[in-house]
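What follows is each chain in one-letter form.
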Amino acid sequence: EARLARPSNISADGTIAMIQIRTPFRTTDAERGRRLLAALAASRSAVVAAHPEVQIGFTGSVVAAVAEHDAISRGILTSSVVTGLLVGLVLVLYFRSAVLLVLLIGTLAIATVIAFGIAAITVGHLNAATAFLGAIIAGNGVNYGILLIARYLEERRRQDVEPALATAIVGTLRPTLVASLGASIAYGALAATSFRGFADFAVIGAVGMMVCWVTTYVLLPALLLRWGWRTRIHRGEPVLGAALVTVLGSRRSGAICLGAALLAALASAVAVRYVAADPFEYDLTRLRSEGEDAIAARDWMALSDRNFGRGITSRTYLAVDRPEQIPEIIAALRQHDEGLAPEQKTFGQVSSILDVVPAQQPEKLAVLAEIRRALDDDALDALGAKERAELLELRPPDDLRAITTDDLPAIVRDRLTERDGRIGYLVSIRPASELDEWNGRDLVRFASAVRKIELPGNQAATTSGSSVIFADILAAIERDGPRVTAVAAIGLVLMVLVVVGPNRRAAAVLLGTATGTLLMVAVCALLGLRVNFLDFIALPITLGLGIDYAINVAHRFGQEGVPDPIATLRTSGSAVFVCSLTTIIGYGSLLSSDNLAIRGFGTASLIGEVACVLTALVLVPAVLAIGARDRATSPPGRG
């Protein structure tokens, strides 16, 4: 009676009204959603102009989708601008030549355009997972050009232009190829996930890395011969190389290897404990956007929840094949929560066609007809006038008939009608009032309960809704994360062994990459970073970067006449450090995103980047130096 005493879209105190708008398009269609919000904003302006005291806000899935889309778009722009400016500044300071910077950036721009052109043909769009790939491809793909130009400038101190360029190409071609293949394998491993978005990520990333490498060695040498030959050559010791030697340089290779082994053992213990304690993120509030529009939409939704109940937008639907299955589903839903305390209940309000078209109408009409006949008999004559009048008021009318969907008001019937004209084949379920829709574990419990609804005869109902989809995403992360990492690790190990060979250099590269990856996981564990639907791809990508840096250091170490960690650090080490710095900038730019999931991915990737470049610059030369001394002191005939 209290519910019927007032409209359901006006609050109890009469100060808040809610208008629900159904859209003829998907909530993920950001462009049409933006046009809808623009029209609504115009209407709001007209109302507020006439009634300045009124506050009007918008919320719901369309508003959230537009807010998230705009936040990502702003992040793309900010990330691209920040990455471009800072990377340009770093390279100008390193090369000391605006001409070389222009040639490198031009080559990289062409490679990125080609990569996204291929993506436009093969994938056709960007999404939340692939939106920042432009910055990532540029941040990683620039490495090959940096290494080539750095080696070219080094050789120019001793040779003319063409011999210097030839030596630079020969000296960097193979390690950068290994690095490119490693990055492509790391990105390509994401195709092992069940997420279409990450499958797209795999295609764009893998193709982008190979395109950047091919473009670097096809186009950049020609540009250097045409416009870069007049570059001023600085004869003194490179400042960055000297700084790296001061900070990281050491010939105590045995001590470094021992310290790295102890650190790896400690990191392994932390990583095992972290994984065993379930590292996945279940607090979905840490994955959403923190932009002003998104926060405003959530505030209005909270107001709606307080006054009109939760679940306005987060409904889950069960689709049946036959209408007679609906009573069975509703009975099963009620039975699931029967006898449970409020905090243990899973299902809230359940809506279906039975709310307006009752079930078992023939049986009910037969009972009412029997009641009518009984009241029409002479048995009422024995009652007093008052009692007789009360019973006659309850007498079922003579014209009672079954209610059908044709009798429903249009506004009600339209809500129950599907596009193919069927009416009443959906059951709408809201979560229980105590179930937290931002808690991943609660979502998994809700989705599991919905899917366990059993109908007689082993019949099934199709389930869909945001809660179920989020639960599926969490389950997929738990399943796909280890799979993707394993695929990337196995692919990288095989690639290194095949291309580099089963030798000390390959062992040093793999040890450096493994140690850097372990350090990354351990630091993430110590900082309390949880694995979300973007974070889990940081690990395989870090494996690829570890191979990138380690192989370039290892290859140059083997080319030295007298292998020396200090000399390697001063030459190729400085170029590798600059490569890492540009990638750090690319990942660091993601921290400007309003989306917390993307920000978390940037944080995890930054940690992996720093860990891998340190192990490449410190551990890899130390491992190779020990091997070099062993070979130098071994008798003839021994390797």
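In what follows, the structure referred to is the one given above.
The text that follows walks through the structure, step by step, so that each part is easy to find. (Residues numbered from 1 in each chain as written. Predicted model: local features only at pLDDT ≥ 70, side-chain atom pairs only at ≥ 80, totals over all residues. Heavy atoms only, no water.)

## Quick word on the pattern of salt bridges
No. 1: Summed over the entire model, instances satisfying the criterion amount to 20 salt bridges.
No. 2: Here Arg286 makes a salt bridge to Asp283, at a shortest N to O gap of 3.5 Å.
No. 3: For Asp283, a relative accessible area of 27% translates into the label partly exposed.
No. 4: We note a salt bridge from Asp398 to Arg395, for which the minimum N-O separation is 2.7 Å.
No. 5: Look at Asp398 and you get exposed, because its relative accessible area is 56%.
No. 6: Judged by relative accessible area, which is 22%, Arg395 ranks as partly exposed. (Salt bridge = Lys/Arg side-chain N within 4 Å of Asp/Glu carboxyl O. Buried < 20%, exposed > 50% of the residue type's maximum accessible area, 1.4 Å probe, protein only.)

## Comments concerning the packing of aromatic side chains
No. 1: Evaluated as defined, the whole model comprises four aromatic pairs.
No. 2: Aromatic pair Trp213 and Tyr217: ring centres 5.5 Å apart, planes at 40°, arrangement tilted. Of the two residues, Trp213 and Tyr217 both sit in helix 6 (residues 196-218), four residues apart, roughly one turn of that helix. Here Trp213 and Tyr217 have matching classes, each one buried.
No. 3: Here Phe347 and Phe446 contribute two aromatic rings whose centre-to-centre distance is 5.7 Å and whose plane-to-plane angle is 70°, an arrangement assigned as edge-to-face. Taken together, the residues span a long stretch of sequence, with Phe347 in strand 2 (residues 347-351) and Phe446 in helix 15 (residues 440-451) at a distance of 99 residues.
No. 4: Note on Phe446: relative accessible area 0%, which makes it buried.
No. 5: Taking the ring centre of Trp438 as reference, the NZ or CZ of Arg288 above it sits at 4.5 Å.
No. 6: One cation-aromatic arrangement involves Arg422 over Tyr425; the distance from NZ or CZ to the ring centre is 4.5 Å. (Phe/Tyr/Trp six-rings, centres within 6.5 Å; stacked < 30°, edge-to-face > 60°. Helix = DSSP H or I, 4+ residues; strand = E, 2+ residues; numbered from the N terminus. Lys NZ or Arg CZ within 6 Å of the ring centre and 35° of its normal.)

## Here we look at a nonpolar patch on the surface
No. 1: A cluster of nonpolar side chains, contributed by Val82, Leu86, Leu89 and Leu93, occupies part of the molecular surface with about 350 Å² of accessible area.
No. 2: As for its placement among the helices and strands, Val82 is situated in helix 2 (residues 61-95). (Patch = residues over 30% accessible without salt bridge, like charges linked within 9 Å, V, L, I, M, F, W, Y side chains within 5 Å. Areas by Shrake-Rupley, 256 points an atom, 1.4 Å probe, with all protein chains shown as cover.)

## Here's the deal with the sheet that holds strand 4 (residues 462-465)
No. 1: An order of 2-3-1-4 is seen for the four strands of this open sheet, with the pairing classed as antiparallel. With partners counted over all chains shown, the strands left at the sheet margins are strand 2 and strand 4, one partner each. Neighbour-to-neighbour, the strand axes of this sheet turn through a mean angle of 25°, independent of strand direction.
No. 2: Inspection of the sheet shows strand 1 (residues 316-319) paired to strand 3 (residues 426-431) by four bridges, in the antiparallel sense. (Pairing = 2+ DSSP bridges. Axes fitted to C-alpha atoms, helices over the stretch in contact; angles between N-to-C directions.)

## Here's the deal with helix 12 (residues 361-376)
No. 1: End to end, helix 12 covers 22 Å across 16 residues, agreeing with the expected 22 Å (1.5 Å per residue, within 8%).
No. 2: Those residues of helix 12 not exposed but buried are Gln361, Ala369, Arg372 and Leu375. Buried residues in helix 12, looked at end-on, bunch into an arc of 125°, giving them a common side. Exposed side of helix 12, more than 90 degrees from the buried face: Glu370 and Arg373 are the residues found there.
No. 3: Packing partners of the buried residues in helix 12 comprise helix 13 (385-393). (Expected span 1.5 Å × (residues − 1). Arc of directions from axis to C-beta. Contact = heavy atoms within 4.5 Å.)

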